[in-house]
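# Report on the structure
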Amino acid sequence: MDTSVEFTYALIEAVRKRPVLFSDALNFSKRRPQYAAAWVEVAKDLDLEDHVASLKERWRVIRCAHGRYLRVGYRMQVPGIHDKLSFLNPHMDIKPKEPKDIKPEDSLEYAIKLVNYVRQYPCLYDGSNAFARPEAWEAVAAKLGGGATAENSMLTWKKIHYYYKFHLQKGYIAKPKGIAPYLAFLRPFMEEPVENMEFSLARELIETVQQYPALYDGTQSGQNIVLWNEVAQRLGNVFSVETYITKWAWMRGKYERHLKTESKMVPCGIEGHLTFLNAFVAGFARKTPLPSSDGQIVRPVGKAVPATGRWVDRLHVDESDPDAQFLLTFLELMTKMSESQKRQFRIGAVKASRAVLDGVVRRKVVK
């Protein structure tokens, strides 16, 4: 089903015109026939008469996401969608969120006061003069007042320091929220961020794949097993070839989303190593051949690739080939897949073919 913004808006508008689909004025059992008929009309408006159930599920997801926005403020990524869904607000039973009891020592105001007082005693954060720290903490507690003790002040400071360290290393939000600007004086005294194992493995995979343009520039199938075997060997075969393919497809998909929505990637900072993909990811690379000056279509130049034991031009398919006919049976299904679903399909096909060739597949006898 189409997941574009335009289709989402069209579905919302079609539902808005039929209050029976969202109004709770009548008991559902009494309006069941009208409810079913209204969904049939919505499907006709969207030219999806055979997908009524899918439209209902799509609407359920949208409605639930809007309810979550009303409860806790989590916005959907579709711009302006909550304004278009405002007609639902009177019909949604949203309980107001109960305010949490925040301890005084966990508030931002208290944290700012503590940070400002700690800053006056460099021995508490620069690693020097450990013998002077107990007296310094007593002085900080006295300035805080309100029954604060040296031990409690030190524990609160350690917690603030801990979150700020992760804020610098991984981009996490420093707690309490908003305290980070007041802790900038700690930067010269914080240890350099240590590259964790997850980041190191991701960076090594990216740097290795970058040396094989055929795996990402679109000139060949990104699932070239020969090249992926070389990638796995250069990385020491820590994981299987299928795992490397899956990890790369996942990172590339996340990077495309990062370019479109500026969402953060995990591990934090890995997007800086993927900038070479900008010319090839969706929205940046031209997918259709360019016409030449004489009107002829200019096709990319590249080597032919082996297919089912025969060498064929990678831009043409011999329809008389039975193997080609077999592959074409999947074409209709693939036209209905999204880009992420196509990647999953390719990975699954690679795994299945390797399992068959290695003799791992076992037939299950259904009695």
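Residues numbered from 1 in each chain as written. Predicted model: local features only at pLDDT ≥ 70, side-chain atom pairs only at ≥ 80, totals over all residues. Heavy atoms only, no water.

Going by the annotation in an unreviewed UniProt entry, the name recorded for the chain is (northern house mosquito) hypothetical protein, with Culex pipiens given as the source organism.

## Remarks on the overall build of the chain
In terms of regular secondary structure, the chain is built from 13 helices and 4 strands. Out of the 367 residues belonging to the chain, those deemed buried represent 28%. Partitioning the contacts of the chain with sequence separation of at least 6, the portion at a separation of at least 24 is 49%. Accessible surface for the chain amounts to roughly 24700 Å². Of this, 55% is attributable to carbon and sulfur atoms. (Helix = DSSP H or I, 4+ residues; strand = E, 2+ residues; numbered from the N terminus. Buried < 20%, exposed > 50% of the residue type's maximum accessible area, 1.4 Å probe, protein only. Contact = heavy atoms within 4.5 Å. Areas by Shrake-Rupley, 256 points an atom, 1.4 Å probe, with all protein chains shown as cover.)

## Here's the deal with the confidence of the model for the chain
Averaged over all residues, the pLDDT of the chain equals 77, while 78% of them reach at least 70. Counting contacts from residues 283–315, a segment whose pLDDT is below 50, to residues more than four positions away or on other chains yields 35 contacts. (pLDDT = per-residue confidence, 0-100.)

## Quick notes on unusual backbone geometry
Here the bond from Lys175 into Pro176 is cis, since omega is -5 degrees, no more than 30 degrees from zero. Mapping Pro176 onto the fold places it in the loop between helix H7 (150–170) and helix H8 (197–210). For Asp47, which is not glycine, the phi dihedral falls at a positive 60 degrees. Within the secondary structure layout, Asp47 lies in the loop between helix H2 (32–45) and helix H3 (52–72).

## Comments concerning the packing of aromatic side chains
Taken as a whole and judged by the stated rule, the model has 8 aromatic pairs. Relative to Phe189, the ring of Tyr125 lies with its centre 5.4 Å away and its plane at 70 degrees, an arrangement referred to as edge-to-face. Of this pair, Tyr125 sits in the loop between helix H5 (108–119) and helix H6 (133–144) while Phe189 sits in the loop between H7 and H8, and the two are 64 residues apart along the sequence. With 5.1 Å between their ring centres and 70 degrees between their planes, Tyr216 and Phe276 make a pair best called edge-to-face. Of this pair, Tyr216 sits in the loop between H8 and helix H9 (225–234) while Phe276 is found in the loop between helix H10 (241–261) and strand E1 (290–291), placing the two residues 60 residues apart along the sequence. Cluster of aromatic residues (ring-pair linked, three or more members): Tyr125, Phe185 and Phe189. One Lys or Arg, Lys84, reaches over the ring of Tyr9 and ends 4.7 Å from the middle of that ring. When the ring centre of Phe239 is taken as origin, the NZ or CZ atom of Lys247, which lies over that ring, is 5.2 Å away. (Phe/Tyr/Trp six-rings, centres within 6.5 Å; stacked < 30°, edge-to-face > 60°. Lys NZ or Arg CZ within 6 Å of the ring centre and 35° of its normal.)

## Quick look at the pattern of salt bridges
Side chains bearing opposite charge may pair, as long as their charged atoms lie close to each other. Applying the stated criterion to the full structure yields 6 salt bridges. For the salt bridge of Arg18 with Glu41, the shortest nitrogen-to-oxygen distance reads 3.0 Å. Of this pair, Arg18 sits in the loop between helix H1 (5–16) and H2 while Glu41 sits in helix H2, and the two are 23 residues apart along the sequence. Between Asp45 and Arg18 there is a salt bridge, and its shortest N-O distance comes to 2.6 Å. Residue Asp45 is located in helix H2, and its partner Arg18 is located in the loop between H1 and H2; the two are separated by 27 residues in the primary sequence. (Salt bridge = Lys/Arg side-chain N within 4 Å of Asp/Glu carboxyl O.)

## Considerations on the packing of H9 against H10
Pairs of packed helices are described in terms of their axes, by the angle between the two and the distance that separates them. At a minimum axis distance of 9 Å, the contact between H9 and H10 shows a crossing angle of 95 degrees. Classified by the angle their axes make, H9 and H10 are roughly perpendicular. Residue-level inspection shows Ile225, Trp228, Asn229 and Ala232 of H9 in contact with H10, the latter providing Val241, Tyr244, Ile245 and Trp248. (Axes fitted to C-alpha atoms, helices over the stretch in contact; angles between N-to-C directions. Parallel < 35°, antiparallel > 145°, perpendicular 65-115°, else oblique.)

## Concerning H6
For H6, spanning 12 residues, the distance from its first C-alpha to its last is 16 Å, which sits close to the expected 16 Å at 1.5 Å a residue. The complete set of buried residues in H6 reads Ala136, Trp137, Val140, Ala141 and Leu144. The buried residues of H6 occupy an angular sector of 140 degrees when the element is viewed end-on, so they sit on one face. Exposed positions of H6 whose direction lies more than 90 degrees from the buried face are Glu135, Glu138 and Ala142. (Expected span 1.5 Å × (residues − 1). Arc of directions from axis to C-beta.)

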